[in-house]
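# Results of the structural survey
Take a look at the letters that make up each chain.
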Amino acid sequence: KQWYQRRVAITAGDAEETFVVEVFSGCVRYHSLLTVTVENFYLDEGKKMMRKDSVLYRIFSYLAMLRLDDLGFENFESFIIKQDTLKMYSFLKYLFDLPKLQSWLKNKWCHIYDQKFIEESVLPNLLKNMDEAQTLISHLNDKLRNKPAPKKPSTITEPEPFKLTKVKPRSLPMPEPVPKLKATNPVPTSTYKSPREEIELMKKKEEHKKRSEVLLENVRGLSANHTRTAKSLKTQDRLNTIVKESDAQLKFDSHKARPIPKKVMENNTPIKLNAAAILREDALYAKREEEELKKIVGVLSGEGTDDNFQIWKKQRDEELRKEEAEHQTRKKMIGLISYEEAMLAKQRLTENNKSKVLKMKVEADKMLKEFLICQLRQEEEIREKVLSIQDSHLQTKAAQQKLQDLKRKMVQDVHAESAALMQIAVEEAAKDMDRKMQLIQEIRAFDRTSIDTVKFVDLTSTAGFGFLCEMSIAELRERIVLMNEEKSRDLEEKRGDILAEKVSYKKMIEQKLDAISHNRELIGKDAAKKSKEKEKLKSPPQVQSSEIDAMQKRLEEKRAERMKMKSTQQMTMQSLPVKRAVNLEAEKRAMEERRWKELENTRERVAKMNTKTVGYRDTLLT
């Protein structure tokens, strides 16, 4: 078998070699006819194609015109598909065009060869395979446009039955009676239901939670609403007008300058200003000086000042601050007293609840122990029944596993045979591809030709067009150098003028900087005085009244009572186990944190309301 395969391969190699020799000799013999067809192709369809592919086009034109019947269209199609699609599409579109073949291409061929030879041996090869060529051209066009190729319908394999001898029917034995199992007892309802004591405890917890949420909402409503006072229509109209006037004065769309950083202001570091900033600041100080001069002239002429008004305003602000401080301290004392009362009530409630819970826990433990004993008995009975059923199932599983092993071996043998056949087919296809690649490399060897394109340029000679202004490249470079020298002289003169202007401008800016630094020192002194006055106002005033002292005494009494209750609870806590005590302390801390957060939120709301009312009073007084 191996000898036969080698013999076939040798004969196939000889046939391919003879085919290549025949194609080469044919191209040399019909050189003039092939050159006419290729040159006309470059003039008509192949204007954008490269000249180095002319040898390839000659080979394919020889195969199409003179060897298509001997070669067969299928082999010709296989040669074309392996080449570049765009080249082959444009060439076949030109060669298999009916009106061109019958008109001017035929006439050009007749100039070289006899008309009888062309009509009998050249044209019939092209006209016979015209339909097949058109389908090939359309296929190449679809490939260029990336259209998907139509899928061939898959053939359905029809299985044939095996030719086996019929087996005699065996006598079936009588089936044995299936043993019936006893009916199992139903699962008791108590397994999927929680005990009655737990359900009652959950209901009570939900009721307590809802009750506490209602109380908390009531407290929040009182703390936020007791400061609200009803206002008349007249005051509401006035307040609306004041708000509108203040909104009208605001300018949100105007340009806002960025403030100077705090670090720069604290360290008193010098800031470098540009010319525009210096001139702008100088103009501002000049304007302020004019305004101060006008005020001095007005005072000298007998006009009044606003010193009395400023003193009255300071007195009024101090009175308002004292009133606000008293109001806030009173509110704080009320909140603390209410907190102490709530904590006392809570401690009493917890003591009552503890005694109830202890009784409930003792009863629940007894019930749970009885329930667990019953559950363990039922689980043991069920386990014994499950084990008896599993023994019967294991025998059937062993028989099924033997069958599966036999089938698996059969499938593995079939897969091994198919893999060996596939490997043989792949090796044969690889050999065919190597032969075809060698052929393509031999054909492409004709295209590898080098062309020398070198030109020498003389820079001193002119183009020779006959113009009066005509000059060489060397003369043009000299003139450009002279032009650049003249431009550099003009630039130096302009720079000297600009430098003189800059010197005079710097002197003027330095004078203005001295004036600005003097004005800044004066402004800094005024700002320091004002900051001292503001710090005095920020310190809170001392509040003293009989009402607040009485509230303080009441708060101390409540706190002392709460501390006594707390000490008694701690004594009881020591008797409890350690884990229980830790959990109770953690719950207490969490509750206290929530209470403090709620009190802080209510105080913030009240403070916001007070600030709004104070702002409206100031606007009304002014």
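Residues numbered from 1 in each chain as written. Predicted model: local features only at pLDDT ≥ 70, side-chain atom pairs only at ≥ 80, totals over all residues. Heavy atoms only, no water.

With that settled, the discussion passes to the overall build of the chain. Along the chain, the regular secondary structure elements total 18 helices and zero strands. Burial status across the chain gives 16% buried among its 622 residues. In the chain, the proportion of contacts linking residues at least 24 apart, taken out of those at least 6 apart, comes to 77%. Accessible surface, the chain as shown: approximately 53,700 Å² in total, 57% of it carbon and sulfur. (Helix = DSSP H or I, 4+ residues; strand = E, 2+ residues; numbered from the N terminus. Buried < 20%, exposed > 50% of the residue type's maximum accessible area, 1.4 Å probe, protein only. Contact = heavy atoms within 4.5 Å. Areas by Shrake-Rupley, 256 points an atom, 1.4 Å probe, with all protein chains shown as cover.)

The subject of this paragraph is the pattern of salt bridges. Enumeration according to the criterion identifies 16 salt bridges in this entry. Measuring nitrogen to oxygen at the nearest pair gives 3.6 Å for the salt bridge that ties Arg559 to Glu340. Highlighted residues: Arg559 in helix H17 (residues 546-575) and Glu340 in helix H15 (residues 307-444), separated in sequence by 219 residues. Under the relative-accessibility criterion, Glu340 is labelled buried at 3%. Note that Asp432 and Arg435 form a salt bridge whose closest N and O atoms lie 3.1 Å from each other. With a gap of three residues between them, Asp432 and Arg435 both fall in helix H15, about one helical turn apart. When its relative accessible area of 36% is taken as the criterion, Asp432 is described as partly exposed. One salt-bridge network, held together by shared partners, links Glu22, Arg67 and Asp70. (Salt bridge = Lys/Arg side-chain N within 4 Å of Asp/Glu carboxyl O.)

With that settled, the discussion passes to the packing of helix H2 (residues 31-44) against helix H3 (residues 54-66). H3 packs onto H2 with a crossing angle of 115° between their chain directions and a minimal axis gap of 9 Å. Helix-helix and strand crossings are classified by hand; for H2 and H3 the assignment is right-handed. Contacts between H2 and H3 involve His31, Leu33, Leu34, Thr35, Thr37, Val38, Phe41 and Tyr42 on the former and, on the latter, Ser54, Tyr57, Arg58, Ser61, Tyr62 and Met65. Classifying every residue of the contact of H2 with H3 gives eight nonpolar, five polar and one charged. (Axes fitted to C-alpha atoms, helices over the stretch in contact; angles between N-to-C directions. Left-handed = near helix turned anticlockwise from the far one by under 90°. Nonpolar A, V, L, I, M, F, W, Y, C, P; charged D, E, K, R; others polar.)

On to the packing of aromatic side chains. Aromatic ring pairs are reported here in terms of the distance separating the ring centres and the angle at which the planes meet. The final tally for this structure, using the stated rule, is 13 aromatic pairs. For the ring pair Tyr30 and Tyr113, a centre distance of 6.2 Å and an interplane angle of 50° mean the geometry is tilted. Note that Tyr30 is positioned in the loop between helix H1 (2-29) and H2 and Tyr113 in the loop between helix H8 (104-112) and helix H9 (115-128), a separation of 83 residues in sequence. Judged by centre distance (6.1 Å) and plane angle (75°), the ring pair of Tyr42 and Tyr57 falls under edge-to-face. One end of the pair, Tyr42, is in helix H2; the other, Tyr57, is in helix H3, with 15 residues separating them in the sequence. Like Tyr57, Tyr42 is buried. Taken together, the aromatic side chains of Phe41, Tyr42, Tyr57, Phe91 and Tyr94 make up a single cluster linked through ring pairs. When the ring centre of Tyr42 is taken as reference, the NZ or CZ atom of Arg51 above it lies at 4.4 Å. (Phe/Tyr/Trp six-rings, centres within 6.5 Å; stacked < 30°, edge-to-face > 60°. Lys NZ or Arg CZ within 6 Å of the ring centre and 35° of its normal.)

You can see Leu336 is positioned in helix H15. Looking at Leu336, the relative accessible area reads 15%, which means it is buried. For the pair Leu336 and Lys558, spaced 222 residues apart in sequence, the C-alpha separation works out to 9.8 Å. Discounting chain neighbours no more than four positions away, the residues touching Leu336 are Leu555 and Trp596.

A contiguous nonpolar surface patch, about 310 Å² in accessible area, is contributed by Phe24, Val28 and Phe446. Residue position: Phe446 is located in the loop between H15 and helix H16 (473-538). For Phe446, a relative accessible area of 43% gives the class partly exposed. (Patch = residues over 30% accessible without salt bridge, like charges linked within 9 Å, V, L, I, M, F, W, Y side chains within 5 Å.)

Next up on the list: the packing of H3 against H9. At a minimum axis separation of 6 Å, H3 and H9 run at an interaxial angle of 95°. The angle between H3 and H9 falls in the class roughly perpendicular. In this structure, H3 contributes Ala64, Met65 and Leu66 to the contact, and H9 contributes Ser121, Val122, Asn125 and Leu126. (Parallel < 35°, antiparallel > 145°, perpendicular 65-115°, else oblique.)

Before going further, it helps to spend a moment on the side chain of Ser54. Here Ser54 is to be found in helix H3. Ignoring sequence-local partners within four residues, the contact set of Ser54 consists of Val38 and Tyr42.

This paragraph deals with the nonpolar core. The nonpolar side chains of a soluble globular protein tend to be buried with one another. Residues Tyr57, Phe76, Phe96 and Trp109 are the most contacted members of the largest nonpolar core, which totals 42 residues. Per-element accounting of this core gives the leading share, nine residues, to H3. Ignoring sequence-local partners within four residues, the contact set of Trp109 consists of Leu33, Val36, Thr37, Met65, Leu101, Ile118, Val122, Leu123 and Leu126. Membership of the second largest hydrophobic core comes to five residues, among which are Met333, Leu336, Ile337 and Met551. (Core = buried A, V, L, I, M, F, W, Y, C linked by side-chain atoms within 4.5 Å.)

Taken together, Glu485, Glu486, Asp490, Glu492, Glu493, Asp497 and Glu501 make up a surface patch of like negative charges. Within the fold, Glu493 resides in helix H16. (Lys, Arg positive; Asp, Glu negative; His and termini not counted. Charge placed at Lys NZ, Arg CZ, Asp CG, Glu CD.)

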